[in-house]
Amino acid sequence: MALSYVDKAVIFLLPIIVLFFFRDKTVYVSIEYIYSITIVLIPLIDVGLSTYFFYQYRNSDDHNKTVETFKNVFQRLYLVISFLGLFAILLNLFVFEYEKFIVFIVFRVLFVLVTTFLASYYRLINKPEKVVLITIVSNFISLSFLLFYFFFDYDFSLWLIFAGQILFSVFYFFKSANMVFLRKQSTVSFNKIKTILKGSVLFSWPTIIQIFLIMYITNYGKIHALTNMPIEDGVLLSLIQRFSMVIFLTHSSLLAYMVKSIYVEKNILGINKSILFKYLGLLIITMIIVMLISGIYLVYNYDLNNVQRPIFIATLIILQTFMSCVYAYLELNYGRENKNIIKLYLAIFGAVLFFSLLMFLKIDFLEKIAIAMFISTFASLLLSVAILYKRNYKLV
């Protein structure tokens, strides 16, 4: 558990360290751009394999065989995606340049892809600490490079923050190639691989689309920060969203602790109010702390005569993050009912409202993003509460 908190802290702090140590705002916004592109792409590239892995494991008569089969399938998928990523890099370098950060995006995608799967794999074989060690080592390699370059006054390079991720992605590529082509460890047939991947897509497609839409909306501003807004606005948006990650990390930790109690609630239409109020109380405390930290940063870095706009935008972003976490908490009830399709409909509703607001609001891009995110999340939360009420959910 302690290692997990160290891992989250390093992941959270790395981009902030770049901003405050090297004072390069464009580089910081570029890092957040790369991270955001990756988060949006992962649900599509993963094809829901990690989620489907748990489902098949739960329904399997031979758990060990299921674990090894899925590991073999993933290693083949990873090799295919690696070759596609290499093709994208070569196309960008030698044919036409369409994305100047393509190398970092490809390796970030590969790193998140493999660590996401390994988190499921090691959890199922009761060794969850292993994937945490992988991410800690990878991020500490990057952190070491950053500190070395800072204290010896070397010029910063984007390679520094992605060094550990690139090294592990390359390592796992060769490990997968060795297992698939040289050791030929498995007799998993092509038809078996095709069946599993097809089953994964059919099982997970509502969740894939839902997560893609939510991630795209959440990261829309950072994806367009380099081209659609002044660099100061890009830093403001990216930094406040990074501070707001503390709310999301609290939400994730609370869910990991409470999810079993939520799912074993005997009344399928009952929402345990004791758990809900504890969750809301701790999340509200975290939100207040994030608001205080953000307020101190804004007052310190902006002229008092011009700080009202940043405070307004920061407030909208922090409240939107808080509401999106509560929204995700309530969505667990649809999973208990096996009505995940409702989550997809809610995500589509939120996306339509978000992009409609972007089209009709005639204000600065940053204000437009903040207001559209806030209103679409708030409306989706209200609609979700209304649906739960309509389905006769009660606090118990």
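Our subject is the structure that appears above.
Residues numbered from 1 in each chain as written. Predicted model: local features only at pLDDT ≥ 70, side-chain atom pairs only at ≥ 80, totals over all residues. Heavy atoms only, no water.

Colleague: Describe in detail the overall build of the protein, supporting the description with residues and values.
Modeller: Tallying secondary structure elements over the protein gives 14 helices and two strands in all. Taken over the C-alpha trace, the protein has a radius of gyration of 22 Å; the compact-globule value for 396 residues is 21 Å, and the two agree within 12%. When the 396 residues of the protein are sorted by exposure, 51% land in the buried category. The long-range fraction of contacts in the protein, counting pairs at least 24 apart against all pairs at least 6 apart in sequence, stands at 79%. By element, 68% of the accessible surface of the protein is carried by carbon and sulfur atoms, the whole surface being about 20200 Å². On the protein, the mean spot of the 33 positive side-chain charges and the mean spot of the 20 negative ones are 13 Å from each other. (Helix = DSSP H or I, 4+ residues; strand = E, 2+ residues; numbered from the N terminus. Rg over C-alpha atoms; globule rule 2.2 N^0.38 Å. Buried < 20%, exposed > 50% of the residue type's maximum accessible area, 1.4 Å probe, protein only. Contact = heavy atoms within 4.5 Å. Areas by Shrake-Rupley, 256 points an atom, 1.4 Å probe, with all protein chains shown as cover. Lys, Arg positive; Asp, Glu negative; His and termini not counted. Charge placed at Lys NZ, Arg CZ, Asp CG, Glu CD.)

Colleague: Kindly report on a nonpolar patch on the surface, identifying the contributing residues and their values.
Modeller: A surface patch of nonpolar side chains, about 760 Å² in accessible area, is lined by Phe20, Phe21, Leu147, Phe148, Phe150, Phe151, Phe152 and Tyr154. Secondary structure elements with two or more residues in the nonpolar patch: helix H1 (2–22) and helix H6 (129–151). Counting residues per element, the nonpolar patch draws most heavily on H6, at four residues. By the element assignment, Leu147 lies in helix H6. (Patch = residues over 30% accessible without salt bridge, like charges linked within 9 Å, V, L, I, M, F, W, Y side chains within 5 Å. Salt bridge = Lys/Arg side-chain N within 4 Å of Asp/Glu carboxyl O.)

Colleague: Lay out the pattern of salt bridges in plain terms, naming residues and giving numbers.
Modeller: Pairing of side chains with opposite charge becomes possible as their charged atoms draw close. Applying the stated criterion to the full structure yields six salt bridges. For Glu32, the salt bridge is made with Lys222, and the minimal N-O distance between the two is 3.8 Å. Of the two residues, Glu32 is situated in helix H2 (residues 25–46) and Lys222 in helix H8 (residues 190–223); the sequence distance between them amounts to 190 residues. The buried category is assigned to Glu32, whose relative accessible area is 1%. Judged by relative accessible area, which is 10%, Lys222 ranks as buried. Ionic pairing is found between Arg309 and Glu367, a salt bridge with its closest N-O pair at 2.5 Å. Separated by 58 residues along the polypeptide, Arg309 in helix H12 (residues 308–336) and Glu367 in helix H14 (residues 365–390) bring together distant segments of the chain. Of the residues examined, Arg309 reaches a relative accessible area of 30% and is grouped as partly exposed.

Colleague: Tell me about unusual backbone geometry, residues and numbers included.
Modeller: In this model, Arg23 sits at a positive phi of 55°, which is unusual for a non-glycine residue. With respect to the secondary-structure elements, Arg23 resides in the loop between H1 and H2. Taking relative accessible area as the criterion, Arg23 reaches 61% and is therefore assigned exposed.

Colleague: Any details on the nonpolar core? Residues and values, ideally.
Modeller: Of all hydrophobic cores here, the largest spans 64 residues; its most connected members are Leu118, Phe156 and Leu158. A per-element tally of this core places helix H5 (residues 102–124) first, with 18 residues. Excluding residues within four positions of it along the chain, Leu158 makes contact with Val27, Ile31, Ile34, Phe101 and Phe104. Counting residues in each nonpolar core, the second largest holds 61 residues, with Leu237, Leu276, Leu298 and Ala347 among its members. (Core = buried A, V, L, I, M, F, W, Y, C linked by side-chain atoms within 4.5 Å.)

Colleague: Tell me about H14, and please be specific about residues and values.
Modeller: With 26 residues, H14 extends 37 Å between its outermost C-alpha atoms, agreeing within 8% with the 38 Å of an ideal straight helix rising 1.5 Å per residue. Positive phi shows up at Asn392, right after H14, with a value of about 70°. (Expected span 1.5 Å × (residues − 1).)

Colleague: A description of the environment of Tyr35 should follow, citing residues and the corresponding values.
Modeller: Along the chain, Tyr35 turns up in helix H2. For Tyr35, a relative accessible area of 6% puts it in the buried group. Residues Tyr35 and Phe21 lie 14 residues apart in sequence; the distance between their C-alpha atoms is 19 Å. Apart from residues lying up to four places away in sequence, Tyr35 is in contact with Pro15, Arg108, Ile161, Phe162, Gln165 and Arg242.

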